[in-house]
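# Reading the structure
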Amino acid sequence: MATLGMRGTGSFAADHRPENWRQKYLMLEPNGSAPLTAVLSMLPSEKTDDPEYHNFRKDLPNWTGQVKADIASGAASFEFSSAADATFARAGQLWKNASTGEIVKISSMSGAVASIVRGVGGGAAGMTANDVMYMIGNVNAEGSALPSSISYDAASTENYTQIFRTPYSISRTAMHTNFRTGDQYLEKSRDALKEHMVSIERAVMFGKKSSDAAALTERTTEGLFTSITTNMNDAASAFTTNNKVTEAEFDQFLAEKAFAYGSSEKLALCGWKVAHFLQQIGKNRWQPVDFSDQSYGISLTTYKTFAGTLQVKTHPMFRQISGFENNMIILDTKDLRYRFVDDTQLLKDRQAAGTDGVTDEYLTECGLEVLQEKTHAGILNWSVSPI
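Throughout what follows, the structure given in this document is the object of discussion.

## Here's the deal with the pairing of strand S5 (residues 93-97)
The buried fraction of S5 amounts to 4 of the 5 residues, a majority that puts the element mostly inside the structure. Pairing analysis gives 4 bridges linking S5 to strand S8 (residues 132-138), with the strands arranged antiparallel. Residue pairing across strands places Lys 96 opposite Tyr 134, the latter belonging to S8. Hairpin connection of S5 to strand S6 (residues 103-110): 5 residues between the antiparallel strands, including Gly 101 at a positive phi of 85 degrees.

## Overview of the packing of aromatic side chains
A complete count under the given rule lists 14 aromatic pairs for this structure. Relative to Phe 324, the ring of Phe 206 lies with its centre 4.9 Å away and its plane at 70 degrees, an arrangement referred to as edge-to-face. Residue Phe 206 is found in helix H5 (residues 184-206), and its partner Phe 324 is found in the loop between helix H10 (316-320) and strand S18 (328-331); the two are separated by 118 residues along the sequence. Overall, the relative accessible area of 27% leaves Phe 206 in the partly exposed class. Put simply, the rings of Phe 250, Phe 253, Phe 277, Tyr 303 and Trp 382 touch in pairs and so form one group of aromatic residues.

## Some thoughts on the sheet that holds S8
By way of backbone hydrogen bonds, the strands of a sheet pair with one another, either parallel or antiparallel. Across the sheet, which stays open at both edges, the 6 strands sit in the order S3-S8-S5-S6-S7-S4 with antiparallel pairing between neighbours. Edge strands, defined here as strands with exactly one partner in the open sheet, are strand S3 (64-66) and strand S4 (77-79). Each neighbouring strand pair of the sheet contributes to a mean axis angle of 40 degrees, computed without reference to strand direction.

## With respect to the environment of Ala 114
When you line up the elements, Ala 114 lands in strand S7 (residues 113-117). Residue classification places Ala 114 among the buried positions, given a relative accessible area of 0%. Here the alpha-carbon distance between Ala 114 and Phe 78, two residues 36 residues apart in the chain, equals 5.6 Å. For Ala 114, the contacting residues outside a window of four places in its chain are Ala 76, Ser 77, Phe 78, Phe 80, Ile 106, Ser 108 and Met 109.

## Looking at the pattern of salt bridges
On inspection of all chains with the given rule, the structure shows 11 salt bridges. Close ionic contact of Glu 102 with Arg 118 constitutes a salt bridge, the shortest N to O distance being 2.8 Å. Taken together, the residues Glu 102 in the loop between S5 and S6 and Arg 118 in the loop between S7 and S8 connect sequence positions 16 residues apart. The burial state of Glu 102 is the same as that of Arg 118; both residues are buried. Linking Glu 361 and Arg 165 is a salt bridge whose minimum nitrogen-to-oxygen distance equals 2.7 Å. With a gap of 196 residues between them, Glu 361 in strand S20 (residues 357-370) and Arg 165 in strand S10 (residues 162-171) connect regions that are remote in the sequence. For Glu 361, a relative accessible area of 4% gives the class buried. On the basis of relative accessibility, which here comes to 52%, the residue Arg 165 falls in the exposed class.

## Side note on the nonpolar core
With 37 residues, the main nonpolar core has Leu 36, Met 205, Leu 224, Ile 329 and Leu 331 as its most contacted residues. The biggest single contributor to this core is H5, with 8 residues. Those residues in contact with Leu 224, other than ones at most four positions away along the chain, are Leu 36, Val 204, Met 205, Ile 329, Leu 331, Leu 336, Leu 368 and Val 370. If you look at the next biggest cluster of nonpolar residues, it comprises 23 residues, including Phe 250, Met 328, Ala 377 and Trp 382.

## Describing the environment of Lys 208
Tracing the chain through its elements places Lys 208 in the loop between H5 and strand S11 (210-211). Once residues within four sequence positions are removed from consideration, Lys 208 is found in contact with Thr 220, Thr 221, Glu 222, Gly 223 and Thr 226.

## Things to note about a nonpolar patch on the surface
Taken together, the side chains of Val 132, Tyr 134 and Ile 136 define a hydrophobic patch exposed on the protein surface, amounting to about 210 Å² of accessible area. Checked against the element boundaries, Tyr 134 lands in strand S8. By relative accessible area, Tyr 134 is classed as partly exposed at 31%.

## Some words on the sheet that holds strand S19 (residues 336-347)
Taken together, the 4 strands give an open sheet; going across it, the order is S1-S19-S20-S10, and neighbouring strands pair in mixed fashion. Where the open sheet ends on each side, the last strands, each with one partner, are strand S1 (45-47) and S10. Here the strands of the sheet are splayed against their neighbours by 30 degrees on average, with no regard to which way each runs. Bridging between S1 and S19 involves 3 bridges; their strand directions are parallel. Pairing of Lys 47 across the sheet is with Phe 340, part of S19.

Parameters at a glance
- Residues numbered from 1 in each chain as written.
- Predicted model: local features only at pLDDT ≥ 70, side-chain atom pairs only at ≥ 80, totals over all residues.
- Heavy atoms only, no water.
- Buried < 20%, exposed > 50% of the residue type's maximum accessible area, 1.4 Å probe, protein only.
- Helix = DSSP H or I, 4+ residues; strand = E, 2+ residues; numbered from the N terminus.
- Pairing = 2+ DSSP bridges.
- Phe/Tyr/Trp six-rings, centres within 6.5 Å; stacked < 30°, edge-to-face > 60°.
- Axes fitted to C-alpha atoms, helices over the stretch in contact; angles between N-to-C directions.
- Contact = heavy atoms within 4.5 Å.
- Salt bridge = Lys/Arg side-chain N within 4 Å of Asp/Glu carboxyl O.
- Core = buried A, V, L, I, M, F, W, Y, C linked by side-chain atoms within 4.5 Å.
- Patch = residues over 30% accessible without salt bridge, like charges linked within 9 Å, V, L, I, M, F, W, Y side chains within 5 Å.
- Areas by Shrake-Rupley, 256 points an atom, 1.4 Å probe, with all protein chains shown as cover.

Pasting the structure below:
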């Protein structure tokens, strides 16, 4: 069984070498300061041959709309209140009025105005402004001509890879000195790797994409808190009481937003205060299951609801940055992709010629690709206890 789609079925075996430095970091610190980077290291990644990469997203319409104005039961047309709702309506479709139950057949479209055949199957009735109409299929007579076709265009989004470099140095003398704290070169190497991974973690969380016009271009990658907008709720204003989310409101948020699209199991990264609130409102929903066999030592706690299952992880970075203890981000890991020009590598002997010592560096050129934005969600500024 694979948790959150992370490949593999167990912890790193004695004869299993991590394939890259990101996986090595996961092995060294599975619950360390960069849990998202650790999770991404065990998910599919994709090399890019260009520092700018594109993603095409397509949202199919929900084929619903509202009536703009009152019309009588014998009227031969109605107008959609929004032109966008009428974009995917065409001749031959059947639409049902949610209030009256009447079914109408569209005979032609002109802008947002639908010419209709009333009372299909009986029951023509007057329509009231703001009545909800929803499409229930299309109907065609025997031997009829081909109906009009509708196309659905994908929207293009782009992001950039960002170059991360973390050097560390040690003098020749220090390399040969016996320190009580151990091998200084190895200690500096470990510290630099941790700093390198934290830098990547913070960029893919909080970054904002940019690219300058210089010949040697400097680019920054866009992070999750910038990319995810549709289902991101600010508790300062989104719920009944400012900065407070009740159990009922949280359940509604999960049903309407967090699990409206995508997988039924998602990763929730949160601050300690949000985790505390979840404990308060849902003690009987927690299942502190040991996922070490499936997720390479990453400690996750299961939070089950009728809408879906959250694998919850308190993020240490949300403790380090003031105010982030009040935040939660919910991720559908199947819709995240680690993109790289060069994955994390250790480059040795970067010192200038003649230097009496050694300088090595970790280098990564990478970015995060959000395949579908609507499958992710979050809550910001949840600072007041729900009970």
